[in-house]
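# Structural overview for review
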Amino acid sequence: MRFTQALIRTSKEAPADASGVSHVLLTRAGMIRKVGAGIYDYLPLGLRVLRKIEAIVRAEMNAAGALEVLLPAMLPAEYFQETGRWSGFGDTLLRFKDRKGADYHLGPTHEEIITDLARREVKSYRELPLNLYQVQTKFRDEARPRAGLLRCREFLMKDAYSFDVDEAGAKASYEKMRVAYNRIFTRLGLDYRMVSADSGAMGGSTSAEFQVLTQSGEDAIAVSDGSDYAANLEVASAADPALSPPAREAPLPVEKVHTPGHGTIADVAAFLQAPTSRFLKSLVYLATRGAASGRADEQLGGVETVLVVVRGDHEVNEIKLARALGASEVFLANEKAVEDATGARVGFAGPVGFVGKIIVDRDAAIVARGIAGANETDYHTINIEHGRDYQGEVADVRSVVDGDASPDGPGRLKVYRGIEAGHIFILGTHYSAKMGATYLGEDGVAHPMVMGCYGIGVSRLVATAVEQHHDDDGISWPTPIAPYHVHLVSLGTDEAVMSAGKTLEAELVAKGIEVLWDDRDERPGVKFKDADLIGVPLRVTIGGKGLASGIVELKRRGDRSKAFDALPVATAADEITRRVREALG
RNA sequence: CGGGGCGUAGCGCAGCCUGGUAGCGCACCUGGUUCGGGACCAGGGAGUCGGAGGUUCAAAUCCUCUCGCCCCGACCA
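Residues numbered from 1 in each chain as written. Chains lettered and ligands numbered in written order. Predicted model: local features only at pLDDT ≥ 70, side-chain atom pairs only at ≥ 80, totals over all residues. Heavy atoms only, no water.

The strand order across the open sheet built from 5 strands is S28-S27-S29-S30-S31, with neighbouring strands paired in mixed fashion. One side of each edge strand has no neighbouring strand; the edge strands of this open sheet are strand S28 (515-518) and strand S31 (565-568). If you compare each strand with its neighbour and ignore which way they point, the axes differ by 25° on average. Packed on one face of the sheet, helix H17 (residues 569-584) meets strand S27 (486-490), strand S29 (538-542), strand S30 (551-556) and S31 and runs near 125° to S31. (Pairing = 2+ DSSP bridges. Helix = DSSP H or I, 4+ residues; strand = E, 2+ residues; numbered from the N terminus. Axes fitted to C-alpha atoms, helices over the stretch in contact; angles between N-to-C directions. Contact = heavy atoms within 4.5 Å.)

So, about helix H13 (residues 458-468). In an α-helix, one turn spans 3.6 residues, which is why side chains three or four residues apart end up on the same side. Along H13, 11 of the 11 residues are buried, which leaves the element largely enclosed by surrounding structure. All buried positions along H13 are accounted for by Val458, Ser459, Arg460, Leu461, Val462, Ala463, Thr464, Ala465, Val466, Glu467 and Gln468. (Buried < 20%, exposed > 50% of the residue type's maximum accessible area, 1.4 Å probe, protein only.)

What follows covers the nonpolar core. As a rule of thumb, nonpolar side chains are buried together in soluble globular proteins. Core analysis: the largest hydrophobic core is formed by 63 residues, its most contacted members being Leu26, Tyr181, Phe185 and Trp477. Counting residues in each nonpolar core, the second largest holds 21 residues, with Leu132, Phe163, Met451 and Cys453 among its members. (Core = buried A, V, L, I, M, F, W, Y, C linked by side-chain atoms within 4.5 Å.)

Quick look at helix H1 (residues 21-28) now. Among the 8 residues in H1, 6 count as buried, and that is most of the element. Inspection of H1 places Ser22, His23, Leu25, Leu26, Thr27 and Arg28 among the buried residues, and these make up the whole buried set. Of the residues one or two after H1, Gly30 is the one with positive phi, at around 75°.

What follows concerns the packing of helix H2 (residues 44-63) against H13. Direction vectors running N to C along H2 and H13 enclose 115°, while the axes themselves pass 9 Å from each other. Here the hand of the crossing between H2 and H13 comes out right-handed. Between H2, through Val49, Leu50, Ile53 and Glu54, and H13, the contact on the second element is made entirely by Val458, Ser459, Leu461 and Val462. Looking at side-chain class alone, the contact of H2 with H13 contains 6 nonpolar, 1 polar and 1 charged residues. (Left-handed = near helix turned anticlockwise from the far one by under 90°. Nonpolar A, V, L, I, M, F, W, Y, C, P; charged D, E, K, R; others polar.)

Before going further, it helps to spend a moment on the sheet that holds strand S18 (residues 370-373). Taken in spatial order, the 3 strands of this open sheet run S13-S19-S18, and their pairing is antiparallel. Each of the sheet's edge strands pairs with one partner strand only, and the pair in question is strand S13 (255-258) and S18. Within the sheet, the average angular offset between the axes of one strand and its neighbour, ignoring direction, is 30°.

In the vicinity of RNA strand B, 36 residues are found, and the nearest of them are Ala16, Ser19, Arg140, Arg151 and Asp532. Those atoms of RNA strand B that come within 4 Å of the protein belong to sugar or phosphate at a rate of 43%. One nitrogen or oxygen atom from the side chain of Lys12 is found 3.0 Å from a sugar or linking oxygen belonging to RNA strand B. One of the side-chain N or O atoms of Asp530 is found 3.0 Å from a base nitrogen in RNA strand B. Counting only elements with at least two residues in the surface near RNA strand B, the list comes to strand S1 (32-36) and helix H15 (524-534). In terms of residue count, H15 provides more of the surface near RNA strand B than any other element does, 7 residues in total. Tallied by class, residues from the surface near RNA strand B come to 15 nonpolar, 4 polar and 17 charged. (Near = heavy atom within 4 Å. Polar contact = N/O pair within 3.5 Å; in protein donor to acceptor, adjacent residues only side chain to side chain.)

See the structure below:
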């Protein structure tokens, strides 16, 4: 493809409203354009990347035995009404009416529609298992679209749904997808981790997220350096400290000390000259029950006050806390509630003498000579020992931090930022039971199909790849998803150079190599800058000087040095082809 | 939805406070000189200043309403 005919418009500056590295670079490289908040055009260059990702996803889904279908994006309300999501989805659902005034919406996800398809098409256990997938545009009226392609209102997603006769079958289908997803992310050339995650409203289901590691990720994940353990920070645990307790200092008698005006841990730590890890950070939480157990009406208003104690250098993890309490939701008490519960100003809460339920994090429970508020304004208590000076239920309620021991044995945890690009989980019979998607079993009885669902954010992956693969000069695509394999840069418009460019392009194309030939009448600097920005993995430069000595220059995009490989013109196409094939794996 | 910010040429911005009918850089077009890491000179095209209403002899500028966009937070099967 000749640059002059490819509708490639690069720019030195990005629009002021572009935010995030991938948004800026994709826009500057002329791959996408914003049409509205969370709504984008894909220009030819950007579309090529999107299609490459799609192709890899398709190939692996097909290889895993999934069947491709295409469901509508425009949906009558009745299906979501059937499962309660017509209202349950809230404002995220893009609703509209047709000319007759009937309710419709654009599909944000397709559990209902696929379940409807399955209940109509599948009658017998003989037809199961079945895995159907599609690559389709989804619509979600996000409260806050952001960062270009990372969080859109219209986006391309691959969604797959498996149907099985029982849990064991569903588990097997899920395993197949787990393997397929690992193959997909590996082939995409991305550094990712499969992590266990909060399974959300479904509760207790098997699920895994595929997180692509980038500094700009919205999610935090903890990864072990000595084992396979990896988990979303929402659910990550460190090894139980009680199993390998540190040497303890001999207990001292409890003392109350005057700490006038020192309410924050940093403050008191400086005042008492003690490390923050000796502190027992004591936070008053309110926990509600109900919604998660499905009995909101019975339990509504049932609010419990709990004092949560974690080490001073640790943070409470509210998701883990809610789980430990069996609560549907937990939130920090406001100032007044704290004062009511502790009898002291905020900043002076502590477990000693606290009246009410106390949850102690495992690490806080083994702190020796602990320091905490005295539940009396301007006083702290020191030399506290759990079990001796206060009682509390011990649980794992803190977020893990860098350096924590991995829970499955060897290794230390390190916290990374990640972008969720895929999520697989077992749905069970949640949708099939509600919608009557049943099959007749060998026993002649109708059973609900056991489902799983598996999503990949295809368009999000375009941006994710850029977030992970870029430098100051632009994008540096992994070869499997690069818009072209080779960026041919011809310098000047001399007949010899142009004709050599034309010949090399033709030779490469004949070998199945995708070539972008910058045939513009531009100065070398402009061409090199654009090549770096666009990020094609191999750059081949044809210049008069090189040509005179019979060579062209080959350089990898990621290589920041001035060095290049001099390829004899006669065998350049062969060598370049070899290099591309090697990079494609 | 709460808080903050911004809408002036395709893009980045100045002008607004203190009203007098719009300017700079990049990009684009023409001609010329250049040519291995975003050249230079000369000339040129392009904007109902987001929209509506109001104040005024006069509004990009002041007032009211409204739409859009961005950021932080809440939310996110």
